[in-house]
Amino acid sequence: MKRYLPLLALALALPLAQAAKDDRTKPLIIESDQGGTINQQTGRTEWTGPVLLVQGSLQVRASRLEAERRADDSHFAVAAGKPSEPVRFSQALNTPGETLEGSAERIEYDTRAETVRFAGGALVRRMKGNQVLDELTGATIVYNSRSEILSVEPGQTSPQPQGKVRVVMMPRPAPAASASAPAAPASSVPLQTTPALPPPKK
């Protein structure tokens with residue numbers, strides 16, 4: 001059974017915690033130490049690793065990569081890792097200094113749907129520098145940067161006991177009070193004008 005976790009409701013990502021919007025307009029680049037094959041007729045490519053896929057700030061590091069270029073110029077890529085070397089993912093978010101990082105046995109990246117699917121021992125973290133802001137683990141995690149929703153599924157490949165899903169949300173620091181804000185009145189009783197004193201008796 002799928003368990004959907006809206007980013008806004010669970011604060012896994014704030015409204016600004018969305019993938020960098022200009023990444024989708026950047027060229028998709030693949031680098032490999034071992035080389036690969038490109039089929040010009042089908043648009044399919046296969047690469048053995050280590051392989052690095054880059055599109056703007058988005059990076060996927062894997063042991064093996066298969067990618068397809070569709071007729072509408074969108075791409076679908078499947079990255080696979082080894083048991084000791086999961087596939088690694090990272091992407092800058094719109095909030096300055098924040099990134100989304102993740103790992104899994106297999107990662108699927110669809111530029112048309114703007115989704116990243118982590119399958120098998122899935123782990124996703126929202127980071128600010130070296131600080132973990134939120135962490136999500138499960139058997140499968142899907143990140144949709146268009147709708148700003150993460151969906152997570154339990155299963156045997158989850159890192160958690162009994163295949164459970166787990167969400168860790170770190171506390172947010174309280175916003176500092178503005179020094180220029182006017183001080184609140186000490187009492188809610190409205191101030192009244194003191195009545196004039198009567199004239200002295202003669």
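Colleague: Explain the environment of Val 124 to me, and be specific about the residues and the numbers.
Modeller: Mapped onto the secondary structure, Val 124 falls in strand E10 (residues 115–128). Under the relative-accessibility criterion, Val 124 is labelled buried at 3%. For the pair formed by Val 124 and Ser 103, sequence separation is 21 residues and the distance between their alpha carbons is 6.7 Å. Once you skip the residues sitting within four places of it in the chain, Val 124 turns out to touch Leu 100, Glu 101, Gly 102, Phe 118, Asp 134, Glu 135, Leu 136 and Ile 141.

Colleague: Could you give me a rundown of the pattern of salt bridges, with the residues and numbers involved?
Modeller: Under the counting rule described, the total for this entry stands at 16 salt bridges. With a closest N to O distance of 2.9 Å, Glu 108 and Arg 106 form a salt bridge. By relative accessible area, Glu 108 is classed as buried at 16%. Each of the salt bridges in this network shares a partner with another, and the network as a whole consists of Arg 44, Glu 46, Arg 64, Glu 66 and Glu 68.

Colleague: So what about the nonpolar core? Which residues, and what values?
Modeller: Side chains that are nonpolar tend, in soluble globular proteins, to be buried together. Of all hydrophobic cores here, the largest spans 27 residues; its most connected members are Leu 53, Val 60, Leu 65, Phe 89, Ile 107, Phe 118 and Ile 141. Setting aside residues up to four positions removed in sequence, Val 60 forms contacts with Val 51, Leu 52, Leu 53, Ala 79, Val 87, Arg 88 and Phe 89.

Basis of the calculations
Residues numbered from 1 in each chain as written. Predicted model: local features only at pLDDT ≥ 70, side-chain atom pairs only at ≥ 80, totals over all residues. Heavy atoms only, no water. Helix = DSSP H or I, 4+ residues; strand = E, 2+ residues; numbered from the N terminus. Buried < 20%, exposed > 50% of the residue type's maximum accessible area, 1.4 Å probe, protein only. Contact = heavy atoms within 4.5 Å. Salt bridge = Lys/Arg side-chain N within 4 Å of Asp/Glu carboxyl O. Core = buried A, V, L, I, M, F, W, Y, C linked by side-chain atoms within 4.5 Å.

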